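# Notes for the structure review
Here is what each chain is made of, one letter per residue.
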Amino acid sequence: MEAQEMQSEQAFDNSLILETIKNLPPLPATVIELKKYIDTSGANLEIPKVADIISKDPLLVGKLLQLVNSPFYGLSRQVSTIPQVISLLGVTNVKNIILADSVKSNFSIDVSPYGIDTPKFLKSCSQEVDFISSWLTQEDKILANMLIPCVMLLRLGIILLSSILIKSKHDQEFLEENKANNYNNIHQIEEKYCGIDSLSFLGFLFDYWKFDETLIQSIAHINNPHSAPDEVKKNAYALAIVNSLFVPFNSSSSFNSQKAVALINEAKTHNINFDIDNFLNKLPDEIKAILEHTEE
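### Side note on the overall build of the protein
A tally of helices and strands in the protein yields 17 helices and 0 strands. The globule rule puts the C-alpha radius of gyration for 296 residues at 19 Å, and the 20 Å found for the protein is close to it. Dimensions of the protein, computed from the C-alpha atoms along their principal axes, are close to 65 × 50 × 35 Å. For the protein, with 296 residues in total, the buried portion stands at 49%. The long-range share in the protein, meaning contacts at least 24 apart out of those at least 6 apart in sequence, stands at 66%. When the accessible surface of the protein is split by element, carbon and sulfur atoms take 52% of a total near 14400 Å². Positive and negative side-chain charges in the protein, numbering 24 and 37 respectively, have mean positions lying 6 Å apart.

### A few points about the state of the cysteines
Counting across every chain of the model gives 0 disulfides. Between C125, a free cysteine, and C150, which holds the nearest cysteine sulfur, the sulfur-to-sulfur gap is 14 Å. Here C194 stays free of any disulfide, with the sulfur of C125 as its closest cysteine sulfur at 18 Å. The buried category is assigned to C194, whose relative accessible area is 1%.

### Focus on the environment of P284
Tracing the backbone shows P284 in the loop between α16 (276-282) and α17 (285-295). Residue P284 is classed as buried on the basis of its relative accessible area of 15%. Here P284 is in contact with Q127, F131 and F246, once residues within four sequence places are set aside.

### Some details on the confidence of the model for the protein
Scored by pLDDT, the protein has a mean of 87; 93% of the residues are at 70 or more. Within the protein, helix α14 (residues 233-246) carries the highest mean pLDDT (95), whereas helix α1 (residues 2-22) carries the lowest (58). This model gives residues 1-12 a pLDDT under 50, and the stretch forms 6 contacts once residues within four places in sequence are excluded.

### Looking at the packing of helix α5 (residues 82-89) against helix α6 (residues 91-104)
Between α5 and α6, whose axes approach to 7 Å, the crossing angle comes to 115°. With respect to their mutual orientation, α5 and α6 come out roughly perpendicular. Here α5 contributes V85, I86 and L89 to the contact with α6, which in turn contributes V91, N93, V94 and I97. In the contact of α5 with α6, the residues fall into 6 nonpolar, 1 polar and no charged.

### Examining the nonpolar core
Within soluble globular proteins, side chains that are nonpolar tend to cluster in buried spots. I54, W135 and F274 are the most contacted members of the largest nonpolar core, which totals 98 residues. Top contributing element to this core by residue count: α14, with 8 residues.

### Quick notes on unusual backbone geometry
For K169, which is not glycine, the phi torsion reads 60° and is therefore positive. Take K169: it is sitting in the loop between α9 (156-167) and α10 (171-180). The class of K169 is exposed, set by a relative accessible area of 70%. Not every positive phi belongs to a glycine, and Y183 is a case in point at roughly 60°.

### So, the side chain of S70
Relative to the elements of secondary structure, S70 occurs in the loop between α4 (58-68) and α5. With a relative accessible area of 15%, S70 lands in the buried category. In terms of polar contacts, S70 uses its side chain to reach the backbone carbonyl oxygen of L67, at 2.5 Å.

Quick notes on the rules
- Residues numbered from 1 in each chain as written.
- Predicted model: local features only at pLDDT ≥ 70, side-chain atom pairs only at ≥ 80, totals over all residues.
- Heavy atoms only, no water.
- Helix = DSSP H or I, 4+ residues; strand = E, 2+ residues; numbered from the N terminus.
- Rg over C-alpha atoms; globule rule 2.2 N^0.38 Å.
- Buried < 20%, exposed > 50% of the residue type's maximum accessible area, 1.4 Å probe, protein only.
- Contact = heavy atoms within 4.5 Å.
- Areas by Shrake-Rupley, 256 points an atom, 1.4 Å probe, with all protein chains shown as cover.
- Lys, Arg positive; Asp, Glu negative; His and termini not counted.
- Charge placed at Lys NZ, Arg CZ, Asp CG, Glu CD.
- Disulfide = S-S within 2.5 Å.
- pLDDT = per-residue confidence, 0-100.
- Axes fitted to C-alpha atoms, helices over the stretch in contact; angles between N-to-C directions.
- Parallel < 35°, antiparallel > 145°, perpendicular 65-115°, else oblique.
- Nonpolar A, V, L, I, M, F, W, Y, C, P; charged D, E, K, R; others polar.
- Core = buried A, V, L, I, M, F, W, Y, C linked by side-chain atoms within 4.5 Å.
- Polar contact = N/O pair within 3.5 Å; in protein donor to acceptor, adjacent residues only side chain to side chain.

Here is the structure:
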């Protein structure tokens with residue numbers, strides 16, 4: 001009887017995942033038009049046409065200029081036109097930024113099933129993007145610009161699984177089990193209650209919204225960057241490092257900070273060399289303090 005009940009509950013949770021995917025908010029028409037044009041133009045792509053499509057949507061123009069002029073991109077001068085944005089960042093990065101921001105803007109957030117205060121969660125999400133920009137902009141600006149859209153959406157899986165857990169009324173049970181395990185087996189417990197873990201769900205969502213294959217593969221290997229294809233291995237290591245540093249549950253654990261440093265050292269064995277001094281220098285003060293305390 002207990003086995004039947006468990007199977008029934010799992011089927012219910014899986015049906016909620018399917019329902020969640022089915023009810024994902026559609027992308028704005030301008031974003032769809034832009035994506036279709038860029039993805040189908042190939043060598044015939046025209047920068048003025050890209051700018052014209054974006055300029056049809058004043059709200060989109062405002063958001064894009066706000067993002068590009070934010071500290072994330074560390075630009076030395078104010079950018080005021082869409083052609084300037086495209087010239088500085090490239091068509092593909094502009095497309096991914098717009099796509100990520102459009103996705104991010106469409107969700108209400110309640111991450112209480114993870115025992116996280118929502119304002120604190122949002123602050124951590126912002127810190128993640130700040131950090132990858134600060135850390136990599138001087139060291140590998142191309143990589144930083146490429147990965148910012150990924151990091152903007154890094155916790156989307158948690159947001160959607162939280163919604164599923166609340167709808168299925170398993171949120172409190174999920175929270176208590178994670179607390180009992182000190183959040184050490186979070187992905188296994190996510191799979192137990194939802195049939196999928198938050199990072200795997202994020203990889204699925206990147207594929208669903210047809211992000212570039214490079215970003216899809218980078219997300220897909222965030223838990224095992226060593227096995228990523230060579231062309232995305234550095235991306236996967238960078239994302240894995242950020243994920244370890246800013247994991248929103250149990251974020252004060254010295255284990256997470258040490259794991260990030262260990263990933264940098266592991267990356268060297270695959271001929272991927274991050275500047276460790278630059279990395280340590282750019283860490284937020286609270287994470288520096290954790291690492292320094294661990295070394296004492």
